[in-house]
Amino acid sequence: MSDPLDGFVTAPLVRAAQSLGLPRERIRDFLLARPRAIRSDEHLVHTPFALAQAAHNPPFPIVNTNISFGQNMFTVSATNMPIWHITALARPSTWGYLLFGATFGLAWNWWFPLAACFTALALLLNIILKNRWQMALFGAFWFCASAYVVCWSFWPAYPTFFAALGLLAGYHLLSPSQKPSLFKSIFCGLLIGLSLAGFVMELYPPWLVALGYLALAVFIGLALRDKLFAQLKTKRVVFGALVAVFVAGVLLAFFAKDGASGLQPLANTDYPGLRVATGGDYPFTRFLRGVYDPLTIYTDPLPRLLNNQSATASFYLFFPAILMALVIGGKRLRSKMDAVDWALVIYLTAAMFYIFVGVPEFIARISLLSYLTSVRADIGIGLASILLSVSILNKAKDEPVLTRPALTSIAILVMALFAAHGLMLRRDAENIVPIWLVALASGLMALFSVALLAGKQRVFCFGLGGIVFFTTFFFHPLYQGLGPIAHSEVADQMRAIAATSPTKPVWASYGAGGDILAYAIGQRGASGVNVYPQWKLWQAIDPSGAQRKIYNRYSYVLLQYGLPDQPAQIKTPSADIVNLTISPSHPALREMGVTHVFASGAYFGLAMQDNLTLLYSSPKNNFAMFAVPLSSVWQTAPPDTTGQIGIACDHIGGWIWSPSQPTAPVDIEVVADGRVVTHARARLFDNDVKAAGIGDGSHALDLPYPPSLKDGAPHTIIIRSVGGAFQEAAPTPLTCAP
């Protein structure tokens, strides 16, 4: 594989850096960056699901049958899944996949939201700023390069693009024209319809509600400022509106019809479907955290308050300084503000009220705010703050809007606000922010606030623009292609096994990543991310529905290796993860058609001791692949079987073998109170066992104590070979706590 440093873009940069004396590996780290703690939705859901769509046969289906019992791909949000469907007209981020395949499609899907959002926002800002192109371009750059957009893998740019495009088309549809054109009405109506359908199909309600209200506020402001409401009853506007309604209606009708098998169960999930937000739960310590993005987005792990890199990423917020200016000697400023500015002020004030105070539930439901969690209001607040800031900066450049004493007072207040916030963040986030950084951030925010309100465009744009750029520039490594995924050892072996298998393999993956990789390369995985519950699986495991609250949600279902003959167990270590402890031979997995097992890490040893056929073991011994037999037949051990077994509440271990069959593993039974509770195959390699002359050393046993026996009651435990030639009992009954 060619070195990415020798690429068309990187080679000149490498030569320039080497001329300065930098070694090649330091350049690699600088240009290609290090692996980042990116949002798990990126590497567990959106990228592998999109690749799974491309690898499916036929490609790009509505229901991907390789994912568990089949998953309707209309339910996956962010930048959409590639699906051959009429709705692809309003899903432009997927066009690269549909037209040119996985490699180009991934690059297109990555860059399109950013480029489209920048273009649409720049055009919209040019209208808001009345043809000030330089400021419009700066404002679009500010949003698109902000940590909130970058650390969410550019996903926030996608719904923002649709909102901005719809606003642009709506504005031009309503704008009076000396020569009314039918083509213009149709074109604007078409763009409005496509943007509305694309916006809704993005299917992430928290962002849609925040951006929807912001778009409404901006549209009302523009209509009032430019007197557009007088055009509402003209024939061309009515015709354009009808075109928009028709296009959006048709696309969304097909979306609802063909997505129903996934959208309905998703709507009925406890999370996110039935969740009701009322606001009022936003901690102040998170509010102004964006000033520390240069530190926090590169820190891993983060304190619990900041959660992860995408959750901690935010914006540089200057609207508090503007609100202060409106109160402190802002008469001249208030007189220069237009309807758009006031609409943004009202939006930001309402947003502050919602996230810090909250609203009654009935108001939240009828206003759709029930879908907007406080922490996801950041996207609307950040964008509104940017729009308002560039608008005020544009007005202040033409004529001073504040006196020097007022600017001084605002500088002091801004510095005090950010200093207080920084000290509170230090207190609540394990002192992650050093004192010197609190002082520096507070001073810089005060400086840039004064520059904004004084109309110092060069100071503000070049200074803040540089900070925004360098905050996020190093976050994402350069794109290196799909080779490391498509031709990894695991992927190559999965393909090799599939090529010799009489039927298409269905993988039960124990250990991180096997299920994700399976369907990303076109094979079927039994587990992975469930956007909505796979009811066939859960009804087989939990027929009474007693644990429905655990799995009736968007979750990553992780298989944990269960002992044969033991009941499955369902647990949730965190809100979005479901741990399913289950044996590959469990009836529920057999019903799913599981034929093969991928086991890595701690599950490697447990799979080796099961009644499975070993197909491949990694030379590094970090994973193995097995075939699941049609029926679990455990072999009777020879009469000369011998061994040494230790039994405790946390562990059953030792060795067992037959001198007459020195290379064959011995199957054992765990017997509790006279009843067989599980089986195992003693075939783990152990150096001490080999050194003792016990066959080739591959006769060790290392099992967890059966969970069903951890009930606080005493049990008489016997470990015996199948057939009873050898047995060893615990010296006394064992009483093990759950």
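Relevant structure appears above.
Note that the structure is a prediction, hence the values are computed from the model and not measured.

A. Layout of the overall build of the protein chain. Helix and strand content of the protein chain: 31 helices and 20 strands. Dimensions along the principal axes, computed over C-alpha positions, put the protein chain at roughly 100 × 60 × 60 Å. Across the 738 residues in the protein chain, those meeting the buried criterion constitute 55%. For the protein chain, contacts bridging at least 24 residues in sequence account for 68% of all contacts bridging at least 6. Here the protein chain displays about 31600 Å² of accessible surface, and carbon together with sulfur accounts for 64% of that area. Each charge class in the protein chain was averaged separately, 51 positive and 40 negative side chains, and the resulting centres sit 18 Å apart.

B. Representation of the pairing of strand E11 (residues 623-627). Along E11, 5 of the 5 residues are buried, which leaves the element largely enclosed by surrounding structure. Residues Phe 623, Met 625 and Ala 627 point to one face of E11 and Ala 624 and Phe 626 to the other, with burial holding for every one of them. Sheet analysis places strand E9 (residues 596-600) next to E11, joined by 5 bridges and oriented antiparallel. By the bridge assignment for E11, Val 597 is matched with Phe 626. Judged from the 4 bridges that link them, strand E10 (residues 613-617) and E11 form a sheet pairing that is antiparallel. Residue pairing in the sheet places Ser 617 in a bridge with Ala 624 of E11.

C. Highlighting the sheet that holds strand E12 (residues 642-648). Strand order in the open sheet formed by 3 strands is E12-E13-E16, and the pairing between neighbours is antiparallel. If you trace the sheet from one side to the other, it starts and ends with E12 and strand E16 (700-703), each paired once. Here the strands of the sheet are splayed against their neighbours by 10° on average, with no regard to which way each runs. As judged from the 7 bridges shared by E12 and strand E13 (residues 651-657), these two strands associate in the antiparallel manner.

D. Quick look at the sheet that holds strand E19 (residues 727-729). If you walk across this open sheet you meet the 4 strands as E15-E14-E18-E19, and the pairing is antiparallel. Every other strand in the sheet has two partners, leaving strand E15 (675-682) and E19 as the edge strands with one partner each. Along the sheet, successive strands turn relative to each other by an average axial angle of 20°, direction set aside. Direction of pairing for strand E14 (residues 666-672) relative to E15: antiparallel, over a ladder of 7 bridges. Looking at the pairing, Glu 669 lines up with His 679 of E15.

E. Expanded view of the packing of helix H22 (residues 435-453) against helix H23 (residues 457-472). Viewed as axis vectors pointing N to C, H22 and H23 meet at an angle of 145°, and their least axial separation amounts to 9 Å. In this structure, H22 crosses over H23, and the sense of that crossing is left-handed. Contacts between H22 and H23 pair Leu 444, Phe 448, Ala 451 and Leu 452 from the former with Val 459, Phe 460, Gly 463, Leu 464 and Ile 467 from the latter.

F. Focus on the nonpolar core. Within the largest apolar cluster, 127 residues are counted, with the highest numbers of intra-cluster contacts made by Ile 128, Trp 142, Phe 143, Phe 318, Ile 381, Leu 453 and Phe 460. Excluding its chain neighbours within four sequence positions, the residues that come into contact with Trp 142 are Tyr 316, Phe 318, Ile 386, Ser 389, Val 390, Phe 460, Leu 464 and Val 468. In this structure, Leu 559, Leu 563, Val 628 and Ile 647 belong to the second largest nonpolar core, which totals 60 residues.

G. Representation of the state of the cysteines in the model. For the structure shown, the criterion picks out 1 disulfide. A disulfide bridge connects Cys 649 with Cys 736, and the sulfur atoms are separated by 2.0 Å. Measuring handedness by torsion sign, the sulfur bridge of Cys 649 and Cys 736 sits at about -80° and is left-handed. Of the two residues, Cys 649 sits in the loop between E12 and E13 while Cys 736 sits in the segment after strand E20 (734-735), which places them 87 residues apart along the sequence. Take Cys 144: it sits in no disulfide, and the sulfur closest to it among the cysteines is that of Cys 117, at 3.9 Å. Cys 144 gets classed as buried once you look at its relative accessible area, which sits at 7%. Free of any disulfide, Cys 188 has its nearest neighbouring cysteine sulfur in Cys 117, separated by 20 Å. Assessed through its relative accessible area of 5%, Cys 188 is described here as buried.

H. Quick look at the packing of helix H8 (residues 157-174) against helix H9 (residues 182-201). Contact pair H8 / H9: the axes reach a minimum separation of 8 Å and the direction vectors enclose 155°. With respect to H9, the axis of H8 lies roughly antiparallel. Crossing handedness for the pair H8 and H9: left-handed. Side by side, H8 and H9 meet where Pro 159, Phe 162, Ala 163, Leu 165, Gly 166, Ala 169, Gly 170, His 172 and Leu 173 of the first sit next to Lys 184, Ser 185, Cys 188, Leu 191, Ile 192, Leu 194, Ser 195, Gly 198 and Phe 199 of the second.

I. Local environment of unusual backbone geometry. The amide bond that connects Asn 57 to the next residue, Pro 58, takes the cis arrangement and shows omega of 5°. When you line up the elements, Pro 58 lands in the loop between helix H3 (40-55) and strand E1 (63-64). Notably, Leu 203 is not glycine yet its phi reads approximately 60°, a positive angle. The residue Leu 203 is located in the loop between H9 and helix H10 (205-225) in this model.

J. Structural context of the pairing of strand E18 (residues 717-721). Taking every second residue as pointing to the same face, the buried face of E18 carries Ile 717, Ile 719 and Ser 721, while none of Ile 718 and Arg 720 on the other face is buried. Bridging between E14 and E18 involves 5 bridges; their strand directions are antiparallel. Paired with Ala 672 across the two strands is Ile 717, which belongs to E18. Counted between consecutive antiparallel strands, the loop separating E18 from E19 contains 5 residues, among which Gly 723 sits at a positive phi close to 105°.

K. Main features of the packing of aromatic side chains. The full count for this structure, using the stated rule, is 40 aromatic pairs. On the basis of an interplanar angle of 10° and a centroid distance of 6.0 Å, the ring pair of Phe 183 and Phe 187 is categorised as stacked. Here the residue Phe 183 and the residue Phe 187 both occupy positions in helix H9, the gap between them amounting to 4 residues, near one helical turn. A relative accessible area of 61% places Phe 183 in the exposed class. With relative accessibility at 43%, the residue Phe 187 sits in the partly exposed group. Between the aromatic rings of Phe 287 and Phe 319, the centroid separation amounts to 6.1 Å while the plane-to-plane angle is 70°, which identifies the pairing as edge-to-face. Taken together, the positions of Phe 287 in helix H13 (residues 284-287) and Phe 319 in helix H16 (residues 319-327) put the pair 32 residues apart, joining distant regions of the chain. Among the aromatic residues, those joined into a cluster by ring pairs are Phe 100, Phe 104, Trp 108, Phe 112, Tyr 158, Phe 161 and Phe 162.

The rules behind each value
- Every chain begins its residue count from 1, and numbering advances along the sequence as written.
- The predicted nature of this model means local features are confined to residues of pLDDT at least 70 and side-chain atom pairs, given and counted, to a pLDDT of 80 or more, with totals for whole chains, interfaces and linings taken over all residues.
- By convention in this description, side-chain values take in all heavy atoms of the structure and omit both hydrogens and water.
- Helical segments are the DSSP runs of H or I of at least four residues, strand segments are the runs of E of at least two, and each set is numbered from the N terminus.
- A 1.4 Å probe rolled over the protein chains alone gives each residue an accessible area, and that area as a share of the maximum for its type sets the label: buried under 20%, exposed over 50%, partly exposed in between.
- By definition in these notes, contact holds between two residues if any of their heavy atoms fall within 4.5 Å.
- A 1.4 Å probe and the Shrake-Rupley method give the accessible areas. Residues count as covered only by the protein chains that appear here.
- Charged-residue counts in this description rest on Lys and Arg as positive and Asp and Glu as negative, His and the chain ends being excluded.
- Charge coordinates come from a single atom per side chain, which is NZ of Lys, CZ of Arg, CG of Asp or CD of Glu.
- When DSSP finds two or more bridges between a pair of strands, those strands are recorded as paired.
- The axes are straight lines fitted to the C-alpha atoms, using for helices just the contacting stretch, and the angles between their N-to-C directions are given from 0 to 180°.
- In this scheme the handedness of a crossing depends on how the near helix is turned from the far one: anticlockwise by less than a right angle means left-handed, clockwise means right-handed.
- Among the buried residues, those of types Ala, Val, Leu, Ile, Met, Phe, Trp, Tyr and Cys that are joined through side-chain atoms within 4.5 Å form a nonpolar core.
- The rule for a disulfide is simple: a pair of cysteine sulfur atoms within 2.5 Å.
- Roughly parallel means an angle under 35 degrees; roughly antiparallel, over 145; roughly perpendicular, 65 to 115; everything else is oblique.
- Ring pairs are drawn from Phe, Tyr and Trp, using the six-membered ring of Trp, whenever the two centres fall within 6.5 Å, and their geometry is named by plane angle: stacked under 30 degrees, edge-to-face over 60, tilted for the rest.

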